[in-house]
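Chain by chain, the residues run as shown.
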Amino acid sequence: MAEEAKKSRGSWFREMKSELKKVVWPNKKTVMKNTGTVLLCSLIIGACIWIFDGVAYAAVQMILNLFA
């Protein structure tokens, strides 16, 4: 049983190494472009959340002032 586990573990590592050799890794230009896109989208979404939070806060304060 232990020998089968060792054999299957070794086989798994060999197959993993073989698959990683097939991967087409991106070049520096592509990585930088994708990183910039992710950062820009994160900033835009963060700004939308920040604006919505401000509007919701103002609405809650207005409602509380009406009943206070």
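Anyway, here's the lowdown on the structure attached to this text. (Residues numbered from 1 in each chain as written. Predicted model: local features only at pLDDT ≥ 70, side-chain atom pairs only at ≥ 80, totals over all residues. Heavy atoms only, no water.)

**So, the overall build of the protein chain**
The cut-off we apply is this: By definition, any uninterrupted DSSP run of H or I lasting at least four residues is a helix, any uninterrupted run of E lasting at least two residues is a strand, and each is numbered from the N terminus. When a residue's accessible area, from a 1.4 Å probe over protein chains only, is under 20% of the maximum for its type it is buried; when over 50% it is exposed; and in between it is partly exposed. Surface accessibility in these figures is a Shrake-Rupley result with a 1.4 Å probe; residues are shielded only by whichever protein chains are displayed.
Broken down by element type, the protein chain carries two helices and zero strands. Across the 68 residues that make up the protein chain, the buried fraction comes to 0%. Carbon together with sulfur atoms contributes 71% to the accessible area of the protein chain, which is approximately 6900 Å² in total.

**Looking at a nonpolar patch on the surface**
The condition that has to hold: Exposure above 30% relative accessible area and the lack of any salt bridge qualify a residue for a patch; like charges then connect within 9 Å, and the nonpolar side chains Val, Leu, Ile, Met, Phe, Trp and Tyr within 5 Å. When a carboxyl oxygen of Asp or Glu is within 4 Å of a side-chain nitrogen of Lys or Arg, the pair counts as a salt bridge.
Among the surface-exposed residues, Trp 12, Phe 13, Met 16, Leu 20, Val 23 and Trp 25 lie close enough to one another that they form a single nonpolar patch of about 640 Å² accessible area. Assessed through its relative accessible area of 49%, Trp 12 is described here as partly exposed.

**Side note on the pattern of salt bridges**
Summed over all chains, the structure comprises one salt bridge. Here Lys 22 makes a salt bridge to Glu 19, at a shortest N to O gap of 3.3 Å. You can see Lys 22 and its partner Glu 19 sitting in helix α1 (residues 2-22), three residues apart, about one turn around the helix. Glu 19 sits in the partly exposed class, given a relative accessible area of 45%.

**What to know about the packing of aromatic side chains**
Keep this limit in mind: When the centres of two rings from Phe, Tyr and Trp lie within 6.5 Å, Trp using its six-membered ring, the rings pair. Their planes under 30 degrees apart give stacked, over 60 give edge-to-face, and anything left gives tilted.
Under the defined criterion, the tally for this structure stands at one aromatic pair. Between Trp 12 and Phe 13 the ring centres are 4.9 Å apart and the planes differ by 80 degrees, which places this aromatic pair in the edge-to-face class.

**A closer look at the environment of Ser 42**
Test applied: Here a polar contact is recorded for every N or O atom pair within 3.5 Å, except that within protein the pair must consist of a potential hydrogen donor and a potential acceptor, and residues adjacent in sequence are included only if both atoms are side-chain atoms.
Checked against the element boundaries, Ser 42 lands in helix α2 (residues 28-67). According to the relative accessible area criterion, Ser 42 is partly exposed, its value standing at 46%. A polar contact of 2.8 Å, which involves the side chain of Ser 42, links it to the backbone oxygen of Val 38.

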